[in-house]
Amino acid sequence: VQFGLVFAALGVVAAWRTWVHALRYQSGASRGWQGVGEAAAVGLAVAILYLAPGIVTRPSEAPPYVIFYGSAAAILGAIVGVILRVSATIALRLSTLVAA
């Protein structure tokens, strides 16, 4: 249940931010790369939250784990962000072609 709740929350955040970035992209105010950075930051935040009990109980042993898992989560978040950006860009370009 906890696993599902975490992914549901991440899905809501991703949907909301994708909507915001799509509006900015359509208005010409953004190219959409900020969303990729936000996805990487969310990945890092999730990793740190997951590692928080270990960080608190053994702070001297935590840095290698935080660096490795935090970096891995940030890279995975950036990959997800790129996938979302590409799919949103394709959808927006197709919608402008259909509207024209």
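Notes on the structure in this doc start here.

Rules behind the numbers
Residues numbered from 1 in each chain as written. Predicted model: local features only at pLDDT ≥ 70, side-chain atom pairs only at ≥ 80, totals over all residues. Heavy atoms only, no water. Helix = DSSP H or I, 4+ residues; strand = E, 2+ residues; numbered from the N terminus. Rg over C-alpha atoms; globule rule 2.2 N^0.38 Å. Buried < 20%, exposed > 50% of the residue type's maximum accessible area, 1.4 Å probe, protein only. Salt bridge = Lys/Arg side-chain N within 4 Å of Asp/Glu carboxyl O. Contact = heavy atoms within 4.5 Å. Axes fitted to C-alpha atoms, helices over the stretch in contact; angles between N-to-C directions. Parallel < 35°, antiparallel > 145°, perpendicular 65-115°, else oblique. Left-handed = near helix turned anticlockwise from the far one by under 90°. Nonpolar A, V, L, I, M, F, W, Y, C, P; charged D, E, K, R; others polar. Phe/Tyr/Trp six-rings, centres within 6.5 Å; stacked < 30°, edge-to-face > 60°. Lys NZ or Arg CZ within 6 Å of the ring centre and 35° of its normal.

1. Let's talk about the overall build of the chain
Here is step 1: Summing up its helical and strand segments, the chain has three helices and zero strands in all.
Here is step 2: Moving toward the C terminus, one meets the helices and strands of the chain in the order α-α-α.
Here is step 3: Taken over the C-alpha trace, the chain has a radius of gyration of 17 Å; the compact-globule value for 100 residues is 13 Å, which it surpasses by more than 25%.
Here is step 4: Its C-alpha atoms give the chain principal-axis dimensions of roughly 60 × 25 × 15 Å.
Here is step 5: When the 100 residues of the chain are sorted by exposure, 23% land in the buried category.

2. Structural notes on the pattern of salt bridges
Here is step 1: In the structure shown here, the tally under the stated rule is two salt bridges.
Here is step 2: A salt bridge links Glu-38 to Arg-17; its shortest N-O distance comes to 2.9 Å. Pair noted here: Glu-38 is in helix α2 (residues 33–57) and Arg-17 is in helix α1 (residues 2–27), with a separation of 21 residues, a long-range link.

3. What about the side chain of His-21?
Here is step 1: Locating His-21 in the fold gives a position in helix α1.
Here is step 2: Once residues within four sequence positions are removed from consideration, His-21 is found in contact with Gln-34, Gly-35 and Glu-38.

4. Quick word on the packing of α1 against α2
Here is step 1: At a minimum axis separation of 10 Å, α1 and α2 run at an interaxial angle of 165°. Of the possible angle classes, the one that applies to α1 and α2 is roughly antiparallel. In this structure, the crossing between α1 and α2 has a hand that is right-handed. Along its contact with α1, which presents Leu-10, Arg-17, His-21 and Arg-24, the element α2 presents Gln-34, Gly-35, Glu-38, Val-42 and Val-46.
Here is step 2: Grouping the amino acids of the contact of α1 with α2 by side-chain chemistry returns three nonpolar, three polar and three charged.

5. As for the packing of aromatic side chains
Here is step 1: Evaluation of the coordinates by the stated rule reveals three aromatic pairs.
Here is step 2: Aromatic pair Tyr-65 and Tyr-69: ring centres 6.5 Å apart, planes at 5°, arrangement stacked. Separated by four residues within a single helix, Tyr-65 and Tyr-69 lie in helix α3 (residues 62–99), roughly one turn from each other.
Here is step 3: Relative accessible area serves as the criterion here: at 43%, Tyr-69 is assigned to the partly exposed category.
Here is step 4: Aromatic side chains Phe-68 and Tyr-69 sit 5.0 Å apart centroid to centroid with 80° between the ring planes, which places their arrangement in the edge-to-face category.
Here is step 5: Taken together, the aromatic side chains of Tyr-65, Phe-68 and Tyr-69 make up a single cluster linked through ring pairs.
Here is step 6: Lying over the aromatic face of Trp-16, Arg-17 brings its terminal NZ or CZ to 5.0 Å of the ring centre.
Here is step 7: Over the aromatic face of Trp-33 sits the side chain of Arg-85, whose NZ or CZ is 4.1 Å from the ring centroid.

That's the geometry; what it means functionally is another story.
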